[in-house]
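A closer look at the structure
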Amino acid sequence: MTLLILDLLGTFVFALSGAMTGVQKRLDLFGVLVLSFAAGNAGGITRDVLIGTIPPSAINDWKYVAVSVLAGLLVFFWYPLIDRLRSPVLIFDGAGLALFAVNGTQKALNHGLEPVPAALLGMLTGIGGGMLRDILVTEIPVVLRADLYAVAALAGAIVVVLGHGFHFPQAAVTIVGAGCCFGIRIAALRRGWKLPAAHPSEP
Amino acid sequence: MTLLILDLLGTFVFALSGAMTGVQKRLDLFGVLVLSFAAGNAGGITRDVLIGTIPPSAINDWKYVAVSVLAGLLVFFWYPLIDRLRSPVLIFDGAGLALFAVNGTQKALNHGLEPVPAALLGMLTGIGGGMLRDILVTEIPVVLRADLYAVAALAGAIVVVLGHGFHFPQAAVTIVGAGCCFGIRIAALRRGWKLPAAHPSEP
Amino acid sequence: MTLLILDLLGTFVFALSGAMTGVQKRLDLFGVLVLSFAAGNAGGITRDVLIGTIPPSAINDWKYVAVSVLAGLLVFFWYPLIDRLRSPVLIFDGAGLALFAVNGTQKALNHGLEPVPAALLGMLTGIGGGMLRDILVTEIPVVLRADLYAVAALAGAIVVVLGHGFHFPQAAVTIVGAGCCFGIRIAALRRGWKLPAAHPSEP
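Okay, so let's go over this structure.

With that settled, the discussion passes to the overall build of chain A. On a plain count of helices and strands, chain A comes out with 9 helices and 0 strands. Ordered by position from the N terminus, the helices and strands of chain A form the series α-α-α-α-α-α-α-α-α. The C-alpha radius of gyration computed for chain A amounts to 17 Å, which stays within 12% of the reference 17 Å derived for 203 residues, consistent with globular compactness. With respect to the principal axes defined by its C-alpha atoms, chain A has extents near 55 × 50 × 25 Å. Within chain A, buried positions represent 57% of all 203 residues. Across chain A, the fraction of contacts at a sequence separation of at least 24, relative to all contacts at a separation of at least 6, is 74%.

All names here are of chain A. Axis separation between helix H6 (residues 86-110) and helix H8 (residues 149-165) bottoms out at 9 Å; the angle between their running directions is 40°. Accordingly, the angle class assigned to the pair H6 and H8 is oblique. Considering only the axes of H6 and H8, their crossing is right-handed. Judged by residue contacts, Asp-93, Leu-97, Ala-101, Val-102, Thr-105, Gln-106 and Leu-109 of H6 engage Tyr-149, Ala-152, Ala-153, Gly-156, Ala-157, Val-160, Val-161 and His-164 from H8.

Moving on, we come to the packing of aromatic side chains. For the structure shown, the criterion picks out 12 aromatic pairs over all chains. Between the aromatic rings of C:Phe77 and C:Trp78, the centroid separation amounts to 6.4 Å while the plane-to-plane angle is 70°, which identifies the pairing as edge-to-face. Of the residues examined, C:Trp78 reaches a relative accessible area of 48% and is grouped as partly exposed. These aromatic residues form a ring-pair network of at least three members: A:Phe76, A:Phe77 and A:Trp78.

On to helix H2 (residues 29-51) of chain A, then. In an α-helix, one turn spans 3.6 residues; hence positions three or four apart end up facing the same way. All names here are of chain A. Spanning 23 residues, H2 covers 33 Å between terminal C-alpha atoms, matching the ideal 33 Å at 1.5 Å per step. At Asn-41, H2 is bent by approximately 55°, the largest bend along its length. Two or three places before Phe-30, at the start of H2, stands the capping residue Asp-28, its side-chain oxygen 3.1 Å from that residue's backbone nitrogen. Count one or two residues on from H2 and you reach Gly-52, which has phi positive near 85°.

A word on the interface of chain B and chain C. The interface of chain B with chain C comprises 28 residues on the first partner and 31 residues on the second. Taking both sides of the interface into account, the surface hidden between chain B and chain C amounts to around 2,400 Å²; carbon and sulfur atoms contribute 76%. Connecting chain B to chain C are 0 salt bridges. There are 1 residue pair in polar contact (both at pLDDT 80 or more) connecting chain B and chain C. Looking at the side of chain B that touches chain C, the elements with two or more residues in it are helix H1 (2-24), helix H2 (29-51), helix H3 (57-60), helix H4 (62-77), helix H5 (79-84) and helix H7 (115-136) of chain B. With 8 residues, the single largest contributor to the side of chain B that touches chain C is H2(B). Looking at side-chain class alone, the side of chain B that touches chain C contains 21 nonpolar, 4 polar and 3 charged residues.

Attention now goes to the interface of chain A and chain C. Across the boundary between the two partners, chain A contributes 32 residues, which contact 28 residues of chain C. Three residues stand out in chain A for area buried against chain C, namely A:Leu50, A:Leu144 and A:Pro200, and they jointly supply 26% of the buried area on that side. Remark: the boundary between chain A and chain C carries 0 salt bridges. Where chain A touches chain C, the interface holds 1 residue pair in polar contact (both at pLDDT 80 or more). When residues in the side of chain A that touches chain C are grouped by element, the largest group, 8 residues, is from helix H7 (residues 115-136) of chain A. Looking at the side of chain A that touches chain C, its residues break down into 24 nonpolar, 4 polar and 4 charged.

Turning our eyes to something else, we now look at the packing of helix H6 (residues 86-110) of chain C against helix H9 (residues 170-191) of chain C. Residue and element names in this part refer to chain C. Where H6 meets H9, the closest approach of the two axes is 9 Å, and the angle between their N-to-C directions is 140°. Relative to H9, the crossing made by H6 is right-handed. The residues of H9 that touch H6, namely those facing Leu-90, Ile-91, Gly-94, Ala-95, Leu-97, Ala-98, Val-102 and Gln-106, are Gln-170, Thr-174, Gly-177, Ala-178, Cys-181, Phe-182, Arg-185, Ile-186, Leu-189 and Arg-190. Of the residues contributing to the contact of H6 with H9, the split by class is 11 nonpolar, 5 polar and 2 charged.

What follows covers the environment of B:His167. As for its placement among the helices and strands, B:His167 is situated in the loop between helix H8 (149-165) and helix H9 (170-191). Residues B:His167 and B:Gly128, spaced 39 residues apart in sequence, show a C-alpha to C-alpha distance of 28 Å.

The next subject is the relation of the copies chain B and chain C. Under the fitted operation, chain B is carried onto chain C by 0.0 Å of movement along the axis and a turn of 120°, and the coordinates agree to an RMSD of 0.0 Å. What the superposition gives is, in effect, a three-fold axis relating one chain to the other. Taking C-alpha positions as reference, the residue of chain B nearest the rotation axis is B:Thr138, located at 3.4 Å. Each copy contacts the other with its own distinct surface, as only 11% of the interface residues of chain B are interface residues in chain C too.

One can expect most non-glycine residues to show negative phi and most peptide bonds to be in trans. A cis amide bond links A:Ile54 with the next residue in sequence, A:Pro55, at an omega value of -10°. By the secondary structure assignment, A:Pro55 is in the loop between H2 and helix H3 (57-60). Positive phi, close to 55°, is recorded for C:Arg26, a residue that is not glycine. Its place among the elements puts C:Arg26 in the loop between helix H1 (2-24) and helix H2 (29-51). Unusually for a residue other than glycine, C:Thr138 sits at a positive phi of about 50°.

Let us now look at the relation of the copies chain A and chain C. Each copy of the sequence occupies a distinct position, and chain A is placed on chain C by a rotation of 120° and an axial shift of 0.0 Å, giving an RMSD of 0.0 Å. A different interface surface on each copy is seen, since only 9% of the contact residues of chain A are contact residues in chain C too.

A general trend in soluble globular proteins is that nonpolar side chains are found buried together. A:Ile127, B:Ile127 and C:Ile127 are the most contacted members of the largest nonpolar core, which totals 178 residues. With 11 residues, the top contributor of residues to this core is H2(C). Ignoring sequence-local partners within four residues, the contact set of C:Ile127 consists of B:Phe30, C:Leu97, C:Val143, C:Tyr149, C:Ala150 and C:Ala153.

Residues and elements named next belong to chain A. Here H8 contains 17 residues, and its C-alpha end-to-end distance of 25 Å stays within 8% of the 24 Å for a straight helix at 1.5 Å per residue. Among all positions of H8, only Tyr-149, Ala-150, Ala-152, Ala-153, Ala-155, Gly-156, Ala-157, Val-160, Val-161 and Gly-163 are buried. At the C-terminal side of H8, His-167 shows a positive phi close to 60°.

The rules we used
- Residues numbered from 1 in each chain as written.
- Chains lettered and ligands numbered in written order.
- Predicted model: local features only at pLDDT ≥ 70, side-chain atom pairs only at ≥ 80, totals over all residues.
- Heavy atoms only, no water.
- Helix = DSSP H or I, 4+ residues; strand = E, 2+ residues; numbered from the N terminus.
- Rg over C-alpha atoms; globule rule 2.2 N^0.38 Å.
- Buried < 20%, exposed > 50% of the residue type's maximum accessible area, 1.4 Å probe, protein only.
- Contact = heavy atoms within 4.5 Å.
- Axes fitted to C-alpha atoms, helices over the stretch in contact; angles between N-to-C directions.
- Parallel < 35°, antiparallel > 145°, perpendicular 65-115°, else oblique.
- Left-handed = near helix turned anticlockwise from the far one by under 90°.
- Phe/Tyr/Trp six-rings, centres within 6.5 Å; stacked < 30°, edge-to-face > 60°.
- Expected span 1.5 Å × (residues − 1).
- Bend = angle between axes of the 7 residues up to and from the residue.
- Polar contact = N/O pair within 3.5 Å; in protein donor to acceptor, adjacent residues only side chain to side chain.
- Buried area = accessible area lost by both parts, 1.4 Å probe.
- Salt bridge = Lys/Arg side-chain N within 4 Å of Asp/Glu carboxyl O.
- Nonpolar A, V, L, I, M, F, W, Y, C, P; charged D, E, K, R; others polar.
- Least-squares fit on C-alpha atoms with pLDDT ≥ 70 in both.
- Core = buried A, V, L, I, M, F, W, Y, C linked by side-chain atoms within 4.5 Å.

Below you can see the structure in the form of structure tokens.
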């Protein structure tokens, strides 16, 4: 029950980010709702397809749809207000990322996947929604370029995989993994940490 | 049998739209055929993957491939002719949308999905092909911006879900749902109906 | 065993092409690794999802991940060196294409698919990675425009399907199919063979 609420909260925050992108691109109301849904649920849906949970829970449970639509409507009608909250939204977004990465890894491990694929799928759960959101508006996904976003997700996923391997209690592992992901992401935002970028013309 | 023919007709019309996009982007012959196939079948394939019909019928039945290739060849070699028929093509396209949305919803309900996901998947069946077509040529999907396209698909899907819930006869529900979708789409085209678009800088 | 090594070699070469695209687009280290993985594995993953091999082997076997990451790191840190090897890379890439197309078709046939879908899925295995690579950096996939790339993959796939239909020995069919694909691709590169491109404004 707690897990479902946290999962829906993560969906809601990611859906907000999708809707804000849609409004910035001047999509119509429906386009904004599609971007909300895509950003909030594409990561989880892809993970579910790849581990064989069919139909994916984000499609089979109306609550995910409702939360995504709610986020889309809020942004569509009160964009300036939400935009002013951008900084708190980034913090919630970090929380959503942490939650999705940790939950996704756990779900993959429960399906019997090996450590490496489980961590990959956990990371994909966290970053997939943002990638589809950006592809749909023909931009190079921001996660491929910035701010340790995916690295934070991967760190959280690795904590879960290690904890699972050493048979630590699942609740503790979840909290530490999520905290690790959230901490890296927020620190990267605050301090402008970045990965090195590629230099094609380096001598 | 009738259903298969209608489904192939819908595939054909959507494939025409994909091929026309490909020709406008000056792709080569193969690229045009890929866009035909993607526009005609991506919606149905995605739905089939999400409900677990593996392999998807659009891949497993050569008739879908044949119809898509036929549409691609027609457009590649007789583009000016097809282009002059653009207005009838839009009407067929509306028919294809209606059919795909209604069929897709029915198929999802037959797989035991709940009403909300079934309607979503029906809508996705209708709009998925056009979305992939536009993404492949790096344009923001037109369905996110215009002309009640997805709303019409959703309306048809909702009619089918409601009819299913009240145990109305399936043939009648199919006809009413498809008519509803087709009617909304054509009326929107004729009268320029649009959803409100987002205004990021609204005071 | 030989097959696995050949498959990993194909993944490696495709991953190189993904990483080079990422470096050219000045992505960060992580973005380059994502493009490596996408280019090397998206075709095989899509095929596996469509034939129901869940989880896909590219995700479930850490060796595919390791090979992709290795290719990404090599390109990220020694781009100028790899860039100078561009011509040998294109030859390896042709070999990877041949292998993926033939292997993918064989895998689909082993899952009981009919000839037409098996050939399609073989071709998709060969070209899927390059398509996702280009979509992620918002370019129209080069395979839709150039150099008989997909045609070569399809030719190899058709050879396998025919050989399977006539019950020829699998090893011979594999070699002939791969040789056919590789030969067409290399000849097209050397001699500038192209498919006709579309002319939207033809009189």
